[in-house]
Structure formats: structure tokens, C-alpha cells
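# Descriptive analysis of the structure
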Amino acid sequence: MDSPGLGGRLPLQPPASLGPEARALYDRLAGGRLGSASPFTSRTDAGELIGPFNALLHAPAIGGGFIDFHEAEEQATPLSKRMREIVILSVGAAWGSAYELYAHRAVAAQVGFSPNAVAALGAGEPCDQLAGDEQAAQRFTLELARHRVVSDATYGEAEQMFGREGLVALTLLAAAYTGTCMMLNAFAVPPPSN
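What you see as residue numbers is a count from 1 along each chain, following the sequence as written. Selection of residues for local features in this predicted model requires a pLDDT of at least 70, selection of side-chain atom pairs for listing and counting requires 80 or more, and totals for whole chains, interfaces and linings are taken over all residues. Excluded from the side-chain calculation are hydrogens and water; included are all heavy atoms of the structure.

This paragraph deals with the overall build of the protein chain. Each helix and strand in the protein chain was counted, giving eight helices and zero strands. Secondary structure elements follow DSSP: runs of H or I of four or more residues count as helices, runs of E of two or more count as strands, with numbering from the N terminus. Going from N to C terminus, the protein chain has its helices and strands arranged as α-α-α-α-α-α-α-α. Relative to a compact globule of 194 residues, whose C-alpha radius of gyration would be 16 Å, the protein chain shows 17 Å and is just as compact. Put simply, 69% of the contacts in the protein chain that link residues at least 6 apart link residues at least 24 apart. Computed with the Shrake-Rupley method and a 1.4 Å probe, the accessible areas treat only the protein chains shown as cover for residues. By element, 56% of the accessible surface of the protein chain is carried by carbon and sulfur atoms, the whole surface being about 9,000 Å². When charges are counted, Lys and Arg are positive and Asp and Glu negative, with His and the chain ends excluded. The atoms used to mark charge sites are NZ of Lys, CZ of Arg, CG of Asp and CD of Glu. In the protein chain, the 13 positive side-chain charges and the 20 negative ones have mean positions that sit 2 Å from each other. Throughout, radius of gyration means the C-alpha value; the globule benchmark is 2.2 Å times the number of residues raised to the power 0.38. A contact between two residues is defined here by any heavy atoms of the two lying within 4.5 Å.

Now the structure itself:
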């Protein structure tokens with residue numbers, strides 16, 4: 001894989017050139033979140049991190065805290081893997097974030113969504129292949145991400161489906177991936193070509 005351009009507006013950082021704090025974050029990411037089981041490409045053949053992960057290495061103290069937030073959400077969420085992907089793809093669709101959509105379309109397929117459902121979710125379109133609670137999660141997330149507010153009707157439906165704890169978890173997941181999409185869009189990070 002050719003590495004020029006995969007960092008978007010930020011240069012990619014060869015692992016050997018990283019300072020101690022960035023190297024520790026690199027090792028944490030490469031050894032955990034971006035391990036061999038990942039269904040999407042997150043580094044070049046030379047080992048440089050791509051996607052949002054390269055940006056985090058440019059500010060490793062804050063980047064590490066951002067990863068802490070993501071990991072806390074993943075470890076403590078009451079949301080299923082399917083539900084998480086609905087929320088993540090809905091945020092990615094609202095932001096038009098190319099790398100986010102690339103990565104989480106692959107994850108959504110891995111957790112059992114059909115190609116048609118993955119396409120609809122990635123486009124931010126309704127999908128009749130989703131269960132009722134999944135459709136409610138998609139509506140809530142798209143409304144929040146696109147309009148920055150949620151109507152009383154949408155909120156009431158989601159609260160009835162998920163309860164308060166579940167709705168807070170859903171909103172925090174959307175917040176985490178809004179931050180990721182903002183970073184990807186700010187730095188014009190593209191998906192890999194393969």
C-alpha cells in the first residue's frame with residue numbers, strides 16, 4: 001500500500017520517528033484496537049497508522065485520553081455490537097466521513113448486517129431490515145447528528161426502547177464518533193484504496 005496522502009492534511013508518522021509518549025500510544029493502539037482481527041486497514045505496510053489514529057499521534061497526551069473515552073464506552077456499554085454499528089454508521093453518514101464509513105461498513109458486515117443494510121446505514125437512509133429498536137436508534141442518531149437536536153417524539157420513542165441508561169450510552173457513543181468524524185474531516189483523511 002502506498003502511504004502518501006493517507007494522512008490527509010497531516011503527515012504520516014513512521015513508528016521509528018515517534019517520541020516516547022507517541023510511541024506508547026502507538027503501541028497501545030497497534031497492540032489492541034488495531035490488532036490482526038480488525039476488518040479494515042488501519043496502517044500502511046511500513047507500520048504508519050492511518051485513519052484517526054495518525055492524528056492522535058500528533059497530540060498523544062490528548063489522543064490517549066480520547067482513546068480512554070472510546071475504551072470506557074466499549075467496555076461498559078449496554079448496547080449490542082449491532083446497535084453500536086447502527087449508531088456509528090449513522091454518525092459517519094451525517095458527517096460524510098469517508099474513512100469512518102469505510103471502516104465501520106466493514107465492522108457492520110462482520111457483525112452480521114447484510115450488504116443492503118450496510119449500504120443504507122452508510123448512506124443515512126431508512127432500512128426495513130432493521131428491528132424496531134434498531135430503527136429507533138438510527139432515527140435518534142441521525143436526527144441528533146444532522147440537526148443537533150432531537151424532537152420530543154424521537155426522544156420519547158428512544159427512551160421507551162432503551163431506558164435512560166441505554167439512551168445515555170447511545171448518546172455518548174454518538175459523541176465519541178462525532179469527535180472521530182470531526183477529526184477525520186478536519187484533516188481530510190481518506191480511506192485506503194484497497
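From this point, the narrative continues.
Glancing now at the side chain of glutamine 13. Among the secondary structure elements, glutamine 13 is positioned in the segment before α1 (20-31). Counted as a polar contact is a pair of N or O atoms within 3.5 Å, where, for protein atoms, one must be capable of donating a hydrogen and the other of accepting one, and residues adjacent in sequence contribute only when both atoms are in side chains. There is a polar contact of 3.3 Å between the side chain of glutamine 13 and the side chain of histidine 58. When neighbours within four sequence positions are excluded, glutamine 13 is seen to be in contact with Leu18, Glu48, Asn54, Leu57 and His58.

Along helix α6 (residues 115-123), the positions that sit buried rather than exposed are Ala117, Val118, Ala120, Leu121 and Gly122. Positive backbone phi, at 70 degrees, marks glycine 124, one or two positions downstream of α6. In this scheme, a residue with accessible area under 20% of its type's maximum is buried, one over 50% is exposed, and one in between is partly exposed, where area comes from a 1.4 Å probe on protein chains only.

What follows is about the packing of helix α4 (residues 81-95) against helix α7 (residues 132-147). Where helices are involved, their axes are fitted lines through C-alpha atoms of the stretch in contact, as for all axes, and angles between N-to-C directions lie from 0 to 180°. Two numbers describe how α4 lies on α7: the axes approach to 9 Å, and their chain directions differ by 30 degrees. Viewed along their axes, α4 and α7 adopt a mutual orientation that is roughly parallel. In terms of crossing hand, the pair formed by α4 and α7 is right-handed. Contacts between α4 and α7 involve Arg82, Met83, Ile86, Val87, Ser90, Val91 and Ala94 from the former and Asp133, Glu134, Ala137, Gln138, Thr141, Leu142, Ala145 and Arg146 from the latter. Side-chain classes follow a simple rule in which Ala, Val, Leu, Ile, Met, Phe, Trp, Tyr, Cys and Pro form the nonpolar group, Asp, Glu, Lys and Arg form the charged group, and the remainder, Gly included, forms the polar group. Grouping the amino acids of the contact of α4 with α7 by side-chain chemistry returns eight nonpolar, three polar and four charged. For classification purposes, an angle smaller than 35 degrees is called roughly parallel, one larger than 145 roughly antiparallel, one from 65 to 115 roughly perpendicular, and anything else oblique. Should the near helix be turned anticlockwise from the far one by less than a right angle, the crossing is left-handed, and should it be turned clockwise, the crossing is right-handed.

In this analysis, a patch consists of residues with relative accessible area above 30% that form no salt bridge, clustered at 9 Å for like charges and at 5 Å for the nonpolar side chains Val, Leu, Ile, Met, Phe, Trp and Tyr. Just to be clear on terms, a salt bridge is a Lys or Arg side-chain nitrogen sitting within 4 Å of an Asp or Glu carboxyl oxygen. A cluster of nonpolar side chains, contributed by Phe69, Val168 and Leu172, occupies part of the molecular surface with about 240 Å² of accessible area. Relative to the helices and strands, phenylalanine 69 is located in helix α3 (residues 60-76).

What follows deals with the layout of surface pockets. Empty space among the atoms becomes apparent when a probe as large as a water molecule is rolled across them. What the largest pocket holds in volume is close to 620 Å³. Looking at the largest pocket, it is lined by 29 residues, and the ones nearest its centre are Arg33, Glu74, Arg84, His104 and Tyr177. Those elements that provide at least two residues to the lining of the largest pocket are α2 (52-58), α3, α4, α5 (98-110) and α8 (152-186). It is α5 that provides the largest number of residues to the lining of the largest pocket, a total of six residues. For the lining of the largest pocket, the per-class residue count stands at 16 nonpolar, seven polar and six charged. Lining residues are defined by having an atom within 4 Å of a point belonging to a cavity or pocket. Those points lie on a 1 Å grid over the protein atoms alone, cavities being sets where a 1.4 Å probe fits but cannot get out and pockets being open sets with protein on both sides within 12 Å along at least five of seven lines. Grid points are joined across faces, edges and corners, and a volume is the space filled by probe spheres set on the points.

Note that alanine 176 resides in helix α8. Alanine 176 gets classed as buried once you look at its relative accessible area, which sits at 0%. Contact partners of alanine 176, with chain neighbours within four places excluded, come to Phe66, Phe69 and His70.

Detailed reading of the predicted coordinates is not advisable wherever pLDDT falls low. The predictor's confidence in any single residue is recorded as pLDDT, a number from 0 to 100. Summary statistics for the protein chain give a mean pLDDT of 94 and a share of 97% for residues scoring 70 or more. Between the elements of the protein chain, mean pLDDT differs from a low of 94, seen in α1, to a high of 98, seen in α4.

Now for the nonpolar core. Nonpolar side chains tend toward joint burial in soluble globular proteins. We call a set of buried residues a nonpolar core when its members are Ala, Val, Leu, Ile, Met, Phe, Trp, Tyr or Cys and they connect through side-chain atoms within 4.5 Å of each other. Ranked by size, the top nonpolar core spans 29 residues in total, and within it Ile86, Phe113, Phe162 and Leu170 carry the most contacts. Elements with a minimum of two residues in this core: α4, α5, α6, α7 and α8. For this core, the leading source of residues is α8, giving 10 residues. Beyond its immediate chain neighbours, meaning those up to four positions away, isoleucine 86 contacts Phe113, Leu121, Leu130, Glu134, Ala137 and Gln138. Residues Leu12, Leu18, Leu34 and Val107 belong to the second largest nonpolar core, which totals 25 residues.

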